[in-house]
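The chain contents come next:
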Amino acid sequence: MRVLGIETSCDETGVAVYGDDGLLAHAIYSQIEIHAQYGGVVPELASRDHVRKTLPLIRQVLDEASLPATLIDGVAFTAGPGLIGALLVGAALGRSLAWGWGKPAIGVHHMEGHLLAPLIEKPAPAFPFIALLVSGGHTQLVDVTGIGRYRILGESLDDAAGEAFDKTAKILGLPYPGGPELATLAEQGDPRRFRFPRPMTDRPGLDFSFSGLKTFALNTLHQELPDAADQSQTRADIARAFEEAVVDTLVIKCRRALRETGHRRLILAGGVSANRRLRERMDAAIAAEGGETFYPRPVFCTDNGAMIAFAGWQRLRVGQCDPLSFKPRARWPLEDLTAV
Ligand code: KG4
Ligand code: ZN
């Protein structure tokens, strides 16, 4: 079975085709330039740009895979959670194409897409495993016993990890989208100059709280900058201290989740899982406990069509599909999904 996947939940248009032999083609168009001048995603502009880009991207991907539309057996589109206008574009287009082609369609949960992305890679992790989902909108630790079998062990009570990266980057004067920019700046930072708190690690439980870290960054910046001889070094040092605090916190909670569940495999997914320092530190910490870590390749950590095509393929091939009247959902709990 060959499944066309369409992702339009936020500021990336992603399209891919996944078949029984693996990924056949994929393309991503990023709206960064459109939103950069506003310092963040403008939902209406995002929707309008998805309208312009999604169909040409579908044509491009089908061309690259040398696939006529008649060889597509099903369509998967992101149905939530996300910006409702942006979701509507991909959902309306995906559902309509499937109807026109006389093929089944399915609305995919965006975070299930992220969660399953490491399974596109080789070697793919076997079930059960712990998933750490770290994106711009979510930070969740999930006990995964199969496709659609998800139990949330902990999540952020305020800012998501990616959101904390983006907000702290803004405080440091970095352009949108801040996460990767902050990570680059942090490479020149001295990890010994500042020490940020590791929120909620001194008490039991697997929830997170990252909103205090941006305030800590702001206060540190205000204290240091007036008399800092080298302002750019101070910013790099703050970026490094912030990154170390987020990474340390995530490592502590992942280790705890593995111990509590007895699982030995950990997967990381979502935009922040592209972070190099996080991967290095997580790999070392989990290996030291006899565990194994798995990630998607960096381009499949952030939003993409491949993860949606793959998640849709997993469900469509066992006969699951959605009716024509399907509605996208801005909010959609991961635990509501049905098992495959
Ligand atoms: O998964 P994603 O593309 O979109 C959502 O579903 O939210 O994640 C985007 C988030 C942004 O907050 C971005 O700043 C962050 O992931 N991000 C990173 C890195 N690359 C992307 N954060 C830290 N280091 C990175 N290398
Ligand atoms: Zn995402």
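Residues numbered from 1 in each chain as written. Chains lettered and ligands numbered in written order. Predicted model: local features only at pLDDT ≥ 70, side-chain atom pairs only at ≥ 80, totals over all residues. Heavy atoms only, no water.

## Quick look at the domain arrangement of the protein chain
1) Next: For the protein chain, the assigned domains read domain 1 (2–115 + 300–336) and domain 2 (127–295).
2) Next: Computed from C-alpha coordinates alone, the two centres of domain 1 and domain 2 are separated by 28 Å.
3) Next: With 18 residues of domain 1 at the interface, the matching set in domain 2 holds 23 residues.
4) Next: Counting each side, the surface lost to burial between domain 1 and domain 2 is near 1600 Å², with a carbon and sulfur contribution of 71%.
5) Next: Looking at the side of domain 1 facing domain 2, the largest losses of area belong to Met111, Leu115 and Cys301, adding up to 37% of the total buried there.
6) Next: In this structure, the connection of domain 1 to domain 2 is made through 0 salt bridges.
7) Next: Between domain 1 and domain 2 we count 5 residue pairs in polar contact (both at pLDDT 80 or more) in total. (Domains from an automatic or database assignment. Contact = heavy atoms within 4.5 Å. Buried area = accessible area lost by both parts, 1.4 Å probe. Salt bridge = Lys/Arg side-chain N within 4 Å of Asp/Glu carboxyl O. Polar contact = N/O pair within 3.5 Å; in protein donor to acceptor, adjacent residues only side chain to side chain.)

## Describing the pattern of salt bridges
1) Next: A complete count under the given rule lists 22 salt bridges for this structure.
2) Next: Residue Asp49 is joined to Lys53 by a salt bridge in which the shortest nitrogen-to-oxygen separation is 3.4 Å. Taken together, the residues span about one helical turn, with Asp49 and Lys53 both in helix α2 (residues 43–64) at a distance of 4 residues.
3) Next: When its relative accessible area of 2% is taken as the criterion, Asp49 is described as buried.
4) Next: As a salt-bridge pair, Arg315 and Glu112 come within 3.0 Å of each other at their nearest N and O atoms. Residue Arg315 is located in helix α10 (residues 305–316), and its partner Glu112 is located in helix α4 (residues 110–116); the two are separated by 203 residues in the primary sequence. Accessibility assignment for this pair places Arg315 and Glu112 in one class, buried.
5) Next: One connected set of salt bridges, linked through shared partners, spans Arg198, Arg240, Glu244, Asp248, Arg277, Glu280 and Arg281. (Helix = DSSP H or I, 4+ residues; strand = E, 2+ residues; numbered from the N terminus. Buried < 20%, exposed > 50% of the residue type's maximum accessible area, 1.4 Å probe, protein only.)

## Focus on the sheet that holds strand β1 (residues 3–7)
1) Next: As summarised here, the arrangement of the 5 strands in space is β3-β2-β1-β4-β5, forming an open sheet in which the pairing is mixed. What marks the edges here is a single partner per strand, and that holds for β3 (22–30) and β5 (105–109). Between one strand axis and the next, the sheet turns through 20° on average, direction left out of account.
2) Next: With respect to the sheet, α2 is in contact with β1, β2 (12–19) and β3, its orientation differing from that of β2 by roughly 30°. (Pairing = 2+ DSSP bridges. Axes fitted to C-alpha atoms, helices over the stretch in contact; angles between N-to-C directions.)

## Some points on the nonpolar core
1) Next: Counting 54 residues, the largest nonpolar core has Leu4, Leu115 and Tyr150 as the members making the most contacts within it.
2) Next: The leading source of residues in this core is α10, at 8 residues. (Core = buried A, V, L, I, M, F, W, Y, C linked by side-chain atoms within 4.5 Å.)

## Some words on the coordination of the zinc ion (ligand 2)
1) Next: Summarising the metal site, the zinc ion (ligand 2) is bound by the protein donors His110 (NE2), His114 (NE2) and Asp303 (OD), whose distances to it range over 2.0 Å.
2) Next: Here the zinc ion (ligand 2) binds 4 donor atoms, and the angle range of 96 to 131° at the metal identifies the geometry as tetrahedral.
3) Next: Sequence spacing of the donor residues for the zinc ion (ligand 2), all on one chain, is H-x3-H-x188-D. Of this pair, His114 sits in helix α4 while Asp303 sits in the loop between β10 (292–294) and α10, and the two are 189 residues apart along the sequence.
4) Next: Judged by relative accessible area, Asp303 falls into the buried class, the value being 13%. (Donors = N, O, S within 2.8 Å, 3.2 Å for Na, K, Ca; no water. Tetrahedral: all angles 85-135°; square planar, octahedral: opposite > 155°, others 65-115°.)

## Here's the deal with the pairing of strand β6 (residues 129–134)
1) Next: Among the 6 residues that make up β6, 6 are buried, leaving the element largely enclosed by the rest of the structure.
2) Next: Of the two faces of β6, the one lined by Phe129, Ala131 and Leu133 and the one lined by Ile130, Leu132 and Val134 are each fully buried.
3) Next: As defined by bridge partners, β6 adjoins strand β7 (residues 139–146) across 6 bridges and the pair is classed as antiparallel. Each residue of the ladder has a partner; that of Ala131, found in β7, is Val142.
4) Next: Linking two consecutive strands that pair antiparallel, namely β6 and β7, is a turn of 4 residues.
5) Next: Summarising the sheet, β6 and strand β9 (residues 265–269) pair through 4 bridges and their orientation is parallel. Bridging across to β9, Ala131 finds its partner in Ile267.

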